[in-house]
Amino acid sequence: MIYHGIRMKLRKGVTAQQIDEALDCLKDQGRAIPAVKSFIFGREYNSDFDWSAVFALEDLDAYWEYLIHPVHVTSERVGFPLIERFESFDISDTPHPELGAKIAELQKRHYEADPGLAELLSGLDSHTGSSALGHSG
């Protein structure tokens, strides 16, 4: 299993309506993407991030299916303009020594295939973690 996590700090001035739309998109990822076996999403407490989510994916094929699914892509298009800081991370019970590099390659392929998403991603003030590999931020 691969547990793909994201953490977000919203920009100042984001409206309640924008937040609701973005959060609905995140919830839809867990509900609508067949590759997601389980997920948790909610407010993050006692940190500098506002919201976090973790999506459970069975393997690299499921990870790729998740990345390119239209619901995930919509979530990125809606959410990235609202985010000041974004962090992504992956946890796995698979001890494969090249898993991190393979995940990074999937992320890279995803953004190379859609220059518009890559541009939105580059507009973040801070972007760290697995989805930032190969990108400035």
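Residues numbered from 1 in each chain as written. Predicted model: local features only at pLDDT ≥ 70, side-chain atom pairs only at ≥ 80, totals over all residues. Heavy atoms only, no water.

**Focus on the UniProt feature "domain: Stress-response A/B barrel" (unreviewed entry) in the chain**
Move 1: According to UniProt, the positions carrying the feature "domain: Stress-response A/B barrel" (unreviewed entry) are residues 2-91.
Move 2: Annotation note: span residues 2-91, helix share 40%, strand share 37%, distance between end C-alpha atoms 6 Å. (UniProt positions renumbered as here; feature names shortened; annotations may be inferred. Helix = DSSP H or I, 4+ residues; strand = E, 2+ residues; numbered from the N terminus.)

**Brief notes about the packing of aromatic side chains**
Move 1: In this structure the tally under the stated criterion is 4 aromatic pairs.
Move 2: A centroid spacing of 5.3 Å and a plane angle of 40° characterise the contact between Phe55 and Tyr66, whose relative ring orientation is tilted. Pair noted here: Phe55 is in strand β3 (residues 51-57) and Tyr66 is in helix α2 (residues 60-68), with a separation of 11 residues, a long-range link. Considered together, Phe55 and Tyr66 belong to a single accessibility category, that of buried residues.
Move 3: Their ring planes at 80° and their centres at 5.5 Å tell us that Phe80 and Phe86 sit as a pair that is edge-to-face. Per residue, the accessibility class of Phe80 equals that of Phe86, and both read buried.
Move 4: One aromatic cluster is present, formed by Phe39, Phe55 and Tyr66 through successive ring pairs. (Phe/Tyr/Trp six-rings, centres within 6.5 Å; stacked < 30°, edge-to-face > 60°. Buried < 20%, exposed > 50% of the residue type's maximum accessible area, 1.4 Å probe, protein only.)

**Considerations on the side chain of Asp114**
Move 1: Turning to its location among the elements, Asp114 is positioned in the loop between α4 (99-112) and α5 (115-122).
Move 2: A residue is classified by how much of its surface remains accessible, and Asp114, at 18% relative accessible area, is buried.

**A closer look at helix α1 (residues 16-32)**
Move 1: When the terminal C-alpha atoms of α1 are compared, their 24 Å separation across 17 residues agrees well with the 24 Å that a helix rising 1.5 Å per residue should span.
Move 2: Turning to α1, its buried residues number three or more, namely Ala22, Leu23, Cys25, Leu26, Gln29 and Gly30. Angular distribution of buried residues about the axis of α1 spans 150°; they occupy a single face of the element. Exposed positions of α1 whose direction lies more than 90 degrees from the buried face are Ala16, Gln17 and Arg31. (Expected span 1.5 Å × (residues − 1). Arc of directions from axis to C-beta.)

**Here's the deal with unusual backbone geometry**
Move 1: For Asn46, which is not glycine, the phi dihedral falls at a positive 60°.
Move 2: Within the secondary structure, Asn46 is located in the loop between β2 (36-43) and β3.
Move 3: We classify Asn46 as exposed; its relative accessible area is 84%.

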